[in-house]
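Residue-level listing of the chains:
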Amino acid sequence: EVCQLIHMSELLTFNIQDGFLEAVVRGFRSSILTQADYANLSQCDNVDDMKMHLSVTEYGPFLQNEPSPLATTVLGERCTEKLVDEFNYIRCHANQDLAKFLDFITYQYMIDNVILIITGTLHDRDTEELMEKCHPLGMFDS
């Protein structure tokens, strides 16, 4: 009976503690491309056709200011920016346990960035060029 009371109190406070973030994640989930979207994208002949098809999805706004012809590198950069922005938004609103888990996800990117900088420095690469190649999820706070 005590366990039932504890469980009921957890249910009563769920929305207070986690409801907002759950709604945000559900919103992000609803913006994932559908099978029909992928079918349309697979019919595209070039990147500008992809931009046109993406413009009617949740991914449209982040490409609307990009001039044609759209380069594949720009498309990849904008997709990565969108991912990182959404990840950081969730990270900022997460409780302590979830924030720690999300930090664990970024560690691999941090390690990859450090290896990239060390290897690039050993081969006399330009530091600015190396920083541009670093993944945004692996950037250290400084």
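Keep in mind that this is a model prediction, so the values were computed, not measured. (Residues numbered from 1 in each chain as written. Predicted model: local features only at pLDDT ≥ 70, side-chain atom pairs only at ≥ 80, totals over all residues. Heavy atoms only, no water.)

A.B. asks: Explain the environment of threonine 57 to me, please; I cannot follow it from the model alone.
C.D. replies: Along the chain, the position of threonine 57 falls in the loop between α3 (47–54) and α4 (72–93). Residues threonine 57 and isoleucine 32, spaced 25 residues apart in sequence, show a C-alpha to C-alpha distance of 8.9 Å. Not counting the four nearest positions on each side in its chain, threonine 57 is found in contact with Leu33 and Asp37. A polar contact of 2.7 Å, which involves the side chain of threonine 57, links it to the backbone oxygen of leucine 54. (Helix = DSSP H or I, 4+ residues; strand = E, 2+ residues; numbered from the N terminus. Contact = heavy atoms within 4.5 Å. Polar contact = N/O pair within 3.5 Å; in protein donor to acceptor, adjacent residues only side chain to side chain.)

A.B. asks: Honestly, the packing of aromatic side chains in this entry has me stumped. Any pointers?
C.D. replies: How two aromatic rings sit relative to each other is given by the distance of their centres and the angle of their planes. Applying the stated rule across the entire model yields two aromatic pairs. With a centroid separation of 5.8 Å and an interplanar angle of 70°, the aromatic rings of tyrosine 59 and phenylalanine 62 are classed as edge-to-face. With 5.6 Å between their ring centres and 75° between their planes, phenylalanine 104 and tyrosine 107 make a pair best called edge-to-face. Separated by three residues within a single helix, phenylalanine 104 and tyrosine 107 lie in helix α5 (residues 96–122), roughly one turn from each other. Cation over ring: lysine 82 sits above tyrosine 59, and NZ or CZ is 5.1 Å from the ring centre. (Phe/Tyr/Trp six-rings, centres within 6.5 Å; stacked < 30°, edge-to-face > 60°. Lys NZ or Arg CZ within 6 Å of the ring centre and 35° of its normal.)

A.B. asks: Explanation requested: α5 in the structure shown.
C.D. replies: Because each turn of an α-helix spans 3.6 residues, side chains separated by three or four positions in sequence point in the same direction. Look at α5: 38 Å from first C-alpha to last across 27 residues, which is about the 39 Å you get at 1.5 Å a residue. Looking at α5, one finds that the buried residues are Ala99, Leu102, Thr106, Met110, Asn113 and Gly120. Among the structural elements, α4 and α6 (127–133) are those in contact with the buried residues of α5. Capping of α5 at its N-terminal end is provided by asparagine 95; its side-chain oxygen lies 3.3 Å from the backbone amide nitrogen of aspartate 97. Once α5 ends, the next one or two residues include aspartate 124, with phi positive near 55°. (Expected span 1.5 Å × (residues − 1). Buried < 20%, exposed > 50% of the residue type's maximum accessible area, 1.4 Å probe, protein only.)

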